[in-house]
Amino acid sequence: MKFIKKMIVFSLILLFATGCSSDSAANKDALEKTDGKDEIVLDENDIKSTGPNGEKAAPASSLTLTDEEIAKLKAGNYSAAISFHYAGNDWSSAQQKGLEDTFKKLGINIVGTTDANFSVEQQVSDLETLTALNPDVMISIPTDAKATSDAFKRVSSRGIKLVFMDNVPDNFVAGENYVGAVSADNYGNGVIAAELIGDKLKGKGKIGIVNYDVDYFVTNQRLEAFEKTIKKKYPDIEVIAKSGFSDVNQSTEVADAMLTQNPDIEAIFAIWDIPAEGVLSALTSAGREDVFVSTIDLGDNIAKEIAQGKVLGVGAQLPYDQGVAEATMAAYALLGKETPSYVAVPATKVERNTIVSGYEMVYHKKAPGFITEELDK
């Protein structure tokens with residue numbers, strides 16, 4: 001009887017130890033207690049992205065203005081316009097705030113801001129509306145590099161100085177058709193997203209990719225970086241599914257099909273945070289909380305999911321800083337200063353242990369309660 005009791009106790013201990021050492025089906029493998037404030041160190045000398053024409057990136061911090069130059073800008077009574085491809089997300093809001101704060105500091109008046117809602121036709125119309133306001137500079141991100149090229153050339157032909165966010169229209173030459181472009185290190189962020197999954201799977205497993213099925217410079221860089229990093233650094237990880245969407249609202253449907261067709265999938269990379277939300281929705285519906293997720297961009301919803309442990313982390317852009325750099329680049333053009341054609345901010349790895357400090361770095365404001373409350377649970 002004593003032997004049997006000892007065996008029962010031993011079995012319970014073994015079962016407990018085994019359960020604690022493996023990932024549960026619900027992806028709740030004992031979240032490590034953290035306040036999310038671990039320091040993030042950025043390296044501006046390690047920007048991996050190149051510009052739309054292969055240009056080496058100049059760091060955003062290299063764009064500076066003297067007090068005398070700022071005074072000259074204020075005296076110039078200059079105006080600016082902003083044309084977004086899509087303004088309905090946290091990235092655009094933060095970028096707009098960086099632009100507005102910097103233009104205000106420089107005494108440059110914003111005469112109009114538009115949202116194309118991912119529609120080429122709407123953006124072409126928006127550009128006509130903004131051009132009629134006769135701004136001195138225009139900051140924009142094309143919805144489609146090819147389809148909007150002629151419309152942007154009409155803007156440039158009016159003498160309006162163009163600065164682009166992330167994407168540049170086809171057949172545009174820096175210094176001729178536009179001033180320059182400011183971007184995140186999208187290649188670097190793609191590397192981060194790959195490393196988050198690769199390290200979590202300990203270099204072995206089966207994964208899927210939910211990609212933007214449109215020829216877009218920024219997302220192309222992210223995808224290339226993710227795939228190359230997985231192949232080179234984690235050769236025992238197999239990409240068993242790769243599905244695209246052209247409308248972000250399709251991301252849940254795409255992920256649903258991927259999970260149905262590939263029940264052995266262990267992790268999914270989504271090309272940015274909003275489609276990642278669609279992936280999470282599909283995982284919840286399928287009862288597949290054992291599947292890990294990484295993405296790019298730190299929107300509020302994904303920040304909360306990271307704090308909850310439902311998303312491994314992100315390669316984050318610094319949209320506020322991008323907005324500051326874009327406004328400063330526009331100021332360079334107004335002053336006639338020599339301007340780099342491609343400027344980038346560093347890639348930023350944000351995961352659960354850095355979610356508070358990461359959020360504050362990305363948005364230049366205190367992390368909201370919905371993040372810190374999740375960390376305290």
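So, how was this worked out
Residues numbered from 1 in each chain as written. Predicted model: local features only at pLDDT ≥ 70, side-chain atom pairs only at ≥ 80, totals over all residues. Heavy atoms only, no water. Helix = DSSP H or I, 4+ residues; strand = E, 2+ residues; numbered from the N terminus. Buried < 20%, exposed > 50% of the residue type's maximum accessible area, 1.4 Å probe, protein only. Contact = heavy atoms within 4.5 Å. Areas by Shrake-Rupley, 256 points an atom, 1.4 Å probe, with all protein chains shown as cover. Lys, Arg positive; Asp, Glu negative; His and termini not counted. Charge placed at Lys NZ, Arg CZ, Asp CG, Glu CD. Expected span 1.5 Å × (residues − 1). Phe/Tyr/Trp six-rings, centres within 6.5 Å; stacked < 30°, edge-to-face > 60°. Lys NZ or Arg CZ within 6 Å of the ring centre and 35° of its normal. UniProt positions renumbered as here; feature names shortened; annotations may be inferred. Salt bridge = Lys/Arg side-chain N within 4 Å of Asp/Glu carboxyl O. Axes fitted to C-alpha atoms, helices over the stretch in contact; angles between N-to-C directions. Parallel < 35°, antiparallel > 145°, perpendicular 65-115°, else oblique. Left-handed = near helix turned anticlockwise from the far one by under 90°. Nonpolar A, V, L, I, M, F, W, Y, C, P; charged D, E, K, R; others polar. Pairing = 2+ DSSP bridges. Core = buried A, V, L, I, M, F, W, Y, C linked by side-chain atoms within 4.5 Å.

## Focus: the overall build of the chain
Then comes step 1: Within the chain one finds 13 helices and 13 strands.
Then comes step 2: Overall, the C-alpha framework of the chain stretches about 95 × 40 × 35 Å when taken along its three principal axes.
Then comes step 3: The 377 residues of the chain split such that 52% are buried.
Then comes step 4: Contacts in the chain between residues far apart in sequence, at least 24 positions, make up 75% of those at least 6 positions apart.
Then comes step 5: Working note: accessible area of the chain is about 17400 Å², and carbon and sulfur atoms make up 49% of it.
Then comes step 6: When the 37 basic and 55 acidic side-chain charges of the chain are each reduced to a single mean position, those positions are 6 Å apart.

## Things to note about helix α6 (residues 186–200)
Then comes step 1: The end-to-end C-alpha separation of α6 is 21 Å, in line with the 21 Å expected for 15 residues at 1.5 Å each.
Then comes step 2: Of all 15 residues that make up α6, 13 are buried, and the element is covered over most of its length.
Then comes step 3: Phi turns positive one or two residues past the end of α6, at Lys 202, with a value near 55°.

## Looking at the packing of aromatic side chains
Then comes step 1: Applying the stated criterion to the full structure yields 11 aromatic pairs.
Then comes step 2: Seen from their ring centres, Tyr 212 and Tyr 216 are 6.1 Å apart, and the 80° between their planes marks the pair as edge-to-face.
Then comes step 3: Overall, Tyr 212 belongs to the buried group, its relative accessible area being 10%.
Then comes step 4: When its relative accessible area of 6% is taken as the criterion, Tyr 216 is described as buried.
Then comes step 5: Their ring planes at 80° and their centres at 5.2 Å tell us that Tyr 212 and Trp 272 sit as a pair that is edge-to-face. In this pair, Tyr 212 sits in strand β7 (residues 204–212) while Trp 272 sits in the loop between β9 (267–270) and α9 (273–286), placing the two residues 60 residues apart along the sequence.
Then comes step 6: Take Trp 272: its relative accessible area is 9%, and that puts it in the buried class.
Then comes step 7: Among the aromatic side chains, those forming a connected cluster through ring pairs are Phe 152, Phe 164, Phe 172 and Tyr 178.
Then comes step 8: We note Lys 337 situated over the ring of Tyr 332; from NZ or CZ to the ring centre the distance is 4.1 Å.

## A short note on the UniProt feature "domain: Periplasmic binding protein" (unreviewed entry) in the chain
Then comes step 1: Taking the numbering used here, the UniProt-annotated feature "domain: Periplasmic binding protein" (unreviewed entry) corresponds to residues 81–338.
Then comes step 2: As annotated, residues 81–338 has a helix share of 47% and a strand share of 22%, and its two end C-alpha atoms lie 22 Å apart.

## Description of the side chain of Thr 114
Then comes step 1: Relative to the helices and strands, Thr 114 resides in strand β3 (residues 109–115).
Then comes step 2: The buried category is assigned to Thr 114, whose relative accessible area is 14%.
Then comes step 3: If near-sequence neighbours (up to four positions away) are discounted, Thr 114 is found in contact with Ile 82, Ser 83, Phe 84, Asp 126 and Leu 130.

## Remarks on the pattern of salt bridges
Then comes step 1: Going through the model one piece at a time under the given rule, you end up with 11 salt bridges.
Then comes step 2: When the shortest N-O distance is used, the salt bridge between Lys 206 and Asp 264 registers 2.9 Å. Here Lys 206 is found in strand β7, whereas its partner Asp 264 is found in the loop between α8 (251–261) and β9, with 58 residues between them in sequence.
Then comes step 3: The salt bridge partner of Glu 224 is Lys 228, with a shortest N-O separation of 2.8 Å. One end of the pair, Glu 224, and the other, Lys 228, are both in helix α7 (residues 217–233), 4 residues apart, so they sit about a helical turn from each other.
Then comes step 4: Overall, the relative accessible area of 35% leaves Glu 224 in the partly exposed class.

## Some thoughts on the packing of α6 against α7
Then comes step 1: In contact at an axis separation of 7 Å, α6 and α7 are set at 40° when each is read in the N-to-C sense. In terms of orientation, α6 lies oblique with respect to α7. Regarding α6 and α7, the two cross each other, and that crossing is right-handed. Each of Asn 186, Tyr 187, Gly 190, Val 191, Ala 193, Ala 194, Glu 195 and Ile 197 in α6 lies in contact with α7, whose residues at this interface are Val 218, Gln 221, Arg 222, Glu 224, Ala 225, Phe 226, Lys 228, Thr 229, Ile 230 and Lys 233.
Then comes step 2: By residue class, the composition of the contact of α6 with α7 is 9 nonpolar, 4 polar and 5 charged.

## Here we look at the pairing of strand β6 (residues 180–184)
Then comes step 1: Taking burial as the measure, the 5 residues of β6 include 5 buried ones, the bulk of the element.
Then comes step 2: With burial as the criterion, each face of β6 is covered, one bearing Gly 180, Val 182 and Ala 184 and the other bearing Ala 181 and Ser 183.
Then comes step 3: Pairing analysis gives 3 bridges linking strand β5 (residues 161–165) to β6, with the strands arranged parallel. Bridging across to β6, Phe 164 finds its partner in Ala 181.
Then comes step 4: Relative to strand β12 (residues 342–345), β6 is paired through 4 bridges, and the arrangement is parallel. Counterpart to Val 182 in the pairing with β12 is Val 343.

## Here's the deal with the nonpolar core
Then comes step 1: One finds Phe 103, Phe 226, Leu 298 and Ile 355 to be the most contacted residues of the largest nonpolar core, which totals 93 residues.
Then comes step 2: Take this core: its biggest share by element is 9 residues, from helix α11 (residues 319–335).
Then comes step 3: Other than its neighbours up to four places away in sequence, Ile 355 contacts Gly 36, Leu 298, Ala 303, Ile 306, Val 350, Ile 371 and Leu 375.
Then comes step 4: Counting 15 residues, the second largest nonpolar core, distinct from the first, contains Ala 81, Leu 127, Val 168 and Phe 172.

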